[in-house]
Amino acid sequence: MAAARKHKRMAASQPGFLSFNSGLDGNSSDIKRRKRVNKNKKKNWNKYSDIQDVEEFLDDVRLQEKAAGGLIAEKPDASLFFVDTGEKNKETQPQTTVKKGKRSKPLRIDLILQPDSRIPAPKNVLAFQQPNAKKQRRMAEKAARLAAMGVLPRREKLLQLRRAAAASGLPVKETPVANNNPARAFYDLWSAGTPETADPYYLEQTKKKLVKRPDRLNEKPSVLPAIEVVGPGGSYNPDFFSHQDLLREAHEVEVKKLKAEERLARQLAVKEDIATEESSFKEQVEGLIEEGDVEPEEPEGGSEDTVIGPTATQEKKTEKQRRKEKAQRIKELRRKAERQMIDKQQQLFQLRSIRANLKTQEQRTKQRQAQRKANQEAQKSMPRRLGRLKFQAPDLDVQLSHELAGSLRGLKPEGSILKDRFMSLQKRNLIEPRERAKFKRKYKVKYTEKRAFREIV
Amino acid sequence: MGGLQKKKYESGSATNYITRNKARKKLSLSLADFRRLCILKGIYPHEPKHKKKVNKGSTAPRTFYLLKDIRFLLHEPIVGKFREYKIFVRKLRKAYGKAEWGGVERLKENKPVYKLDHIIKERYPTFIDALRDVDDSLSMCFLFSTFARTGKCHVQTIQLCRRLSVEWMNYIISSRSLRKVFLSIKGIYYQAEVLGQTITWIIPYQFAHDHPTDVDYRVMATFTEFYTTLLGFVNFRLYQTLNLVYPPKLDGQGEISLKPEFEEDYALESESYTEKLSALSASLARMVPSAEEEETELDHFPIEGEDLEKMEVREKMEQEQIKQKKFFEGLKFFLNREVPRESLAFVIRCFGGEVSWDKSLCIGSTYDATDETITHHIVDRPSIDKQYINRYYIQPQWVYDSVNAKILLPVEEYFLGVTLPPHLSPFVEETEGDYVPPEKLKLMALQRGEKPQTEEDEEEEEEEEEEEDDEEDDQSEEEDEAEDEANLAEMEEKRSRGKSLSVKVTPGKAKAENRKRAAEEEKAEEKRLAIMMMKKREKYLYDKIMFGKKRNVREANKLAAKRKAHDDASKEDKKKKKKKC
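Residues numbered from 1 in each chain as written. Chains lettered and ligands numbered in written order. Predicted model: local features only at pLDDT ≥ 70, side-chain atom pairs only at ≥ 80, totals over all residues. Heavy atoms only, no water.

This part is about the overall build of chain B. Secondary structure summary: chain B contains 23 helices and nine strands in total. Looking at the 581 residues of chain B, the share that counts as buried comes to 43%. Look at the contacts in chain B between residues 6 or more apart in sequence, and 62% of them connect residues 24 or more apart. Accessible surface, chain B as shown: approximately 34,400 Å² in total, 52% of it carbon and sulfur. (Helix = DSSP H or I, 4+ residues; strand = E, 2+ residues; numbered from the N terminus. Buried < 20%, exposed > 50% of the residue type's maximum accessible area, 1.4 Å probe, protein only. Contact = heavy atoms within 4.5 Å. Areas by Shrake-Rupley, 256 points an atom, 1.4 Å probe, with all protein chains shown as cover.)

Spelled out as structure tokens, the structure:
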């Protein structure tokens, strides 16, 4: 800035410069005496340096530029002056101008609004600029280079492919088909494809090869078959005896259930001593009547406590007593040892019975082992406890004798296969037993009668 | 002792298991998604041996998984898809909420889908593994294919299930691998032998559905999703093994395109082909059109001694099986409209029979009821107006029983309006000493190739049977007697009184009896009073029990009487026949 200012001042002091304002001379600044201030602070530079002359000069420059379109000093003389050769014929001109002017003369308001400055407006840079021009230019260059090499951009390639497909009538890109699409295609899943030759580690890391499924997972959680065929009694036209067997089975299940229910009822039954008027009255009065009797007892109880509280301190044993006790103990030990010795010797003669004993013991363990093994085996086909609920076997599907239809036409199917399948899944430990979530209303339902309804009733 | 003190639950079973909730959080999935994932991947909850240890001292019942299983799940690419789907749903909901229909469309177009192919490959490394486990998927597919399109599950799923089950049935027909059929009160059980594996499945009767409320449809749908994929791949491979075209194509297009006018009535043009496939009346096209099914002969190797004998036996068996596979060949069946069409058509076609039905009943009928060459007309009504002389009118059970017996049973017992012999379960294998129903004995005799016994013998046998029945009745009556002790006591008294009339009366005895009788009466009275004093709920229960017991007795008696009446009737018939002869 300082440099610019200096420059301007230099311009002002130039001999060739003509000022617009006639009063502008270099004298006015010289009259005032300069105040002495420290110049080592920037604040002071601004405050106390006199730039009046520069300002005025610059103003003048701007005014000249605005009004005359440049510094007057730099203009050629011909543009500033003309030779006055007197008036030309005025009469003809005004007529034509008036006639013309009425048409073309702009409105005064427009004239006011028109810029009166001779300085041309600065060019709107943004109007001519393209966003990302450089990038686009580079991209275009690159594309041109690639095209020269014969590489097409992706979009172009896809377009060509699509066109080719439309021409040949085959879809190029397979849109993924939903799993349950009825028209979905299948292929030979188990055909031996080309074996992967790439590095297995690479394949695993790039998720091209899945993690191997542990063999443990291919074992079934239950040994039960997927489809359990109903017994011969479940036939639509069963043999009499097998039907009776099935009925008996169902009956037994039902009886068991009833028994459980009855037991529960018995356990929950209200006991005989139901509150009568008398007993309830007694209960109400209980504390009130006996209070008088209780009070005198209290001090008695307190005295008893004091008697019982501290236990009697034991007398210290004398030396003699200790000695005696010790001797007794040793004697006892010795006696036991002797007894053991004798027993051991005696066992020699009991060999037979001991052997028999051992045999029975072994037999028992073997039996238990077998039992345990059988239990474990049976456990394999039992439903496990997999969650909050236990598996409950569904009711047997039974048709009573009078419900049996004589012919296939009259057959009324029993039970639902859907439920059967669901239960089978539970029974085979594939899913945990569940029950339908209970519907719980958050708020109480408020019933209101509509006014129209009320009016009628 | 040195070392740090061991902390509880930091090693052993406590670290081997993980609770369901923790597993869910580890995978950062919702519970529903977690369940889905576990079902698809075949990872099941596990019951630890020491629950308290695993549960860190708590005894609350929880669902546990093995930690290693869950770690394995972490590698599953589908988990990512589940998360994507969750986000998709969220975006879709938002777009709907803002009514941005363009956005909704775009989102729907890019709906994330996942494939189960790799999971199936992983769970069933070989085709035979998959085939062994196909029971479940068959039952589920057949079940879902019968669902009404009511929004209990996706319509697409139902259609896919239908397609797969039809494909399976067509395969069984063309491979002739059906072995057993059993009509139970629940549904129809089928058993087939495919590539050496015994496969059992159940099909519900048509129109038998009421949707039970206590079944988790979401779980079932997830299982079905997995099973449909499995069955699809299995079907493909099976079709390949038989050299059939997959997806199945009907053989001999010309024959079927003869009657297009009915098709239009029956199904839309787009659906008519699948409907024709599901009619099961036409055979499938093969990749390499073979002129005739070549008789597969066993390779002969020069063998000596015992092996030779074994080979001969095996060869004989093989030939028998081949014979059994087409014992309906040459027979022409016509199904009346009241019989279960699909099941019967399937079974008959499985054994080489020709089958047709009324053309208004279903698409794909090949001949009319008026066809003179029909040998068996299957009817399930008491009588029929117009009957042709040159065909048997039989009830549908004949087909099933014949299939189970693997021979053509005598048709007499299955004629129109005749009380049918019991339908025995082919899945029961009697061991020595078990009770074998007489019908089965007869059947086994027939299978052995013996002629039906002379009628006298039969009668004897029947008498024996009757005796057996009587015994059974006695047994059931014994049960009655246990119930009605009071009655029985009275009877005894009467009897004893009758006896005492003839013999001299001794006063002491009479008194004792009186006392006894009084005690009995008192007991009965007490019981009666107790019943009167019962609470309403207990009384209801009691009534129920008593009713059940009485009903059982009644039914047993009824059945016995029925059997006896039937036997008598049949005996009389036979006698009449004899006289005629």
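If you tally the helices and strands in chain A, you get 17 helices and zero strands. In chain A, buried positions account for 16% of the 457 residues. Within chain A, counting contacts between residues at least 6 apart in sequence, those at least 24 apart form 69% of the total. A total of about 41,000 Å² of accessible surface is found on chain A, and carbon and sulfur atoms cover 54% of it.

The next subject is empty space enclosed by the protein. One pass over the full model with this rule turns up three cavities of 30 Å³ or more. The volume enclosed by the largest cavity comes to roughly 80 Å³. Looking at the largest cavity, the residues that line it are Leu 430, Ile 431 and Glu 432 of chain A together with Arg 35, Cys 38, Ile 39, Ile 43, Tyr 44, Pro 45 and Tyr 65 of chain B. When residues of the lining of the largest cavity are assigned to their parent elements, the largest contribution, three residues, is made by helix α3 (residues 31-41) of chain B. Class assignment for the residues of the lining of the largest cavity results in eight nonpolar, no polar and two charged. (1 Å grid on protein atoms, 1.4 Å probe; cavity = no way out; pocket = protein on both sides within 12 Å on 5 of 7 lines; lining within 4 Å. Points joined across faces, edges and corners; volume = space filled by probe spheres on them. Nonpolar A, V, L, I, M, F, W, Y, C, P; charged D, E, K, R; others polar.)

Another aspect to go through is the sheet that holds strand β5 (residues 197-204) of chain B. Residues and elements named next belong to chain B. Pairing is antiparallel across the open sheet formed by three strands, whose spatial order is β3-β4-β5. Each of the sheet's edge strands pairs with one partner strand only, and the pair in question is β3 (178-183) and β5. If you compare each strand with its neighbour and ignore which way they point, the axes differ by 15° on average. Bridging between strand β4 (residues 187-194) and β5 involves eight bridges; their strand directions are antiparallel. The partner of Val 194 across the bridge, within β5, is Gln 197. (Pairing = 2+ DSSP bridges. Axes fitted to C-alpha atoms, helices over the stretch in contact; angles between N-to-C directions.)

Another aspect to go through is a positive patch on the surface. All names here are of chain B. Taken together, the side chains of Arg 83, Lys 86, Arg 90, Lys 91, Arg 93, Lys 94, Lys 98 and Arg 106 present a region of like positive charge at the surface. You can see Lys 86 is positioned in helix α6 (residues 77-97). What makes Lys 86 partly exposed here is its relative accessible area of 48%. (Patch = residues over 30% accessible without salt bridge, like charges linked within 9 Å, V, L, I, M, F, W, Y side chains within 5 Å. Salt bridge = Lys/Arg side-chain N within 4 Å of Asp/Glu carboxyl O. Lys, Arg positive; Asp, Glu negative; His and termini not counted. Charge placed at Lys NZ, Arg CZ, Asp CG, Glu CD.)

Our next topic: the sheet that holds strand β6 (residues 332-335) of chain B. Residue and element names in this part refer to chain B. Pairing in this open sheet of four strands is parallel, and the strands run β7-β6-β8-β9 from one edge to the other. Two strands bound the open sheet, and with one partner strand each, they are β7 (354-357) and β9 (392-394). Going across the sheet, the axis of each strand differs from the next one's by a mean of 25°, ignoring polarity. Pairing geometry for strand β8 (residues 376-378) and β9, over three bridges, is parallel. Residue His 376 lies in a different strand from β9, and its bridge partner there is Tyr 392. The strands that helix α17 (residues 341-350) touches are β6, β7 and β8; relative to β7, the one it contacts most, it runs at about 160°.

This part takes up the environment of Ala 279 of chain B. Residues and elements named next belong to chain B. Inspection of the secondary structure assignment puts Ala 279 in helix α15 (residues 269-279). On the basis of relative accessibility, which here comes to 0%, the residue Ala 279 falls in the buried class. The residues contacting Ala 279, other than those within four sequence positions of it, are Arg 341, Ala 345, Trp 357, Ile 363 and Gly 364.

We now examine the interface of chain B and chain A. Each partner contributes residues to the interface: chain B has 117 residues there, and chain A has 81 residues. The largest contributions to the chain B side of the interface with chain A come from Ile 185, Lys 186 and Phe 233 of chain B, which together make up 9% of the buried area. Counting every contact that joins chain B to chain A gives 14 salt bridges. Between Asp 136 of chain B and Arg 428 of chain A there is a salt bridge, with the nearest N and O atoms lying 2.7 Å from each other. Our count for the contact surface shared by chain B and chain A stands at 35 residue pairs in polar contact (both at pLDDT 80 or more). Here the side of chain B that touches chain A gets 13 residues from one element, more than from any other, and that element is helix α12 (residues 217-241) of chain B. Residues belonging to the side of chain B that touches chain A are distributed by class as follows: 59 nonpolar, 24 polar and 34 charged. (Buried area = accessible area lost by both parts, 1.4 Å probe. Polar contact = N/O pair within 3.5 Å; in protein donor to acceptor, adjacent residues only side chain to side chain.)

One pass over the structure, following the stated rule, counts 40 salt bridges over all chains. The closest approach of N and O atoms between Asp 397 of chain A and Lys 186 of chain B, which form a salt bridge, is 3.9 Å. Residue Asp 397 of chain A is located in the loop between α15 (351-380) and α16 (417-427), and its partner Lys 186 of chain B is located in the loop between β3 and β4; the two belong to separate chains. Residue class for Asp 397 of chain A comes out partly exposed when judged on its relative accessible area of 24%. The exposure class of Lys 186 of chain B is buried, given its relative accessible area of 13%. Three or more residues joined by partner-sharing salt bridges are found here, namely Arg 213 of chain A together with Lys 41, Glu 76 and Glu 122 of chain B.

Once that is clear, we can look at helix α4 (residues 52-68) of chain A. Residue and element names in this part refer to chain A. The end-to-end C-alpha distance of α4 is 24 Å, a good match for the 24 Å that 17 residues give at a rise of 1.5 Å each. Here α4 has its buried residues at Val 54, Phe 57, Leu 58, Asp 60, Val 61, Gln 64 and Ala 68. Each buried residue of α4 sits inside an arc of 155° when the element is viewed along its axis, so together they form one side. Positive backbone phi, at 75°, marks Gly 69, one or two positions downstream of α4. (Expected span 1.5 Å × (residues − 1). Arc of directions from axis to C-beta.)

What follows is about the confidence of the model for chain A. Residue and element names in this part refer to chain A. Of all residues in chain A, 82% have pLDDT values of 70 or greater, and the mean over the chain is 82. The least confident element of chain A, judged by mean pLDDT, is helix α1 (residues 2-12) at 47; the most confident is helix α14 (residues 319-347) at 95. Every residue in residues 1-10 scores below 50 in pLDDT, and together they form eight contacts with partners more than four places removed in sequence or on other chains. Low pLDDT (under 50) marks residues 24-29, which in the prediction has three contacts with non-local residues, meaning those over four places away or in another chain. (pLDDT = per-residue confidence, 0-100.)

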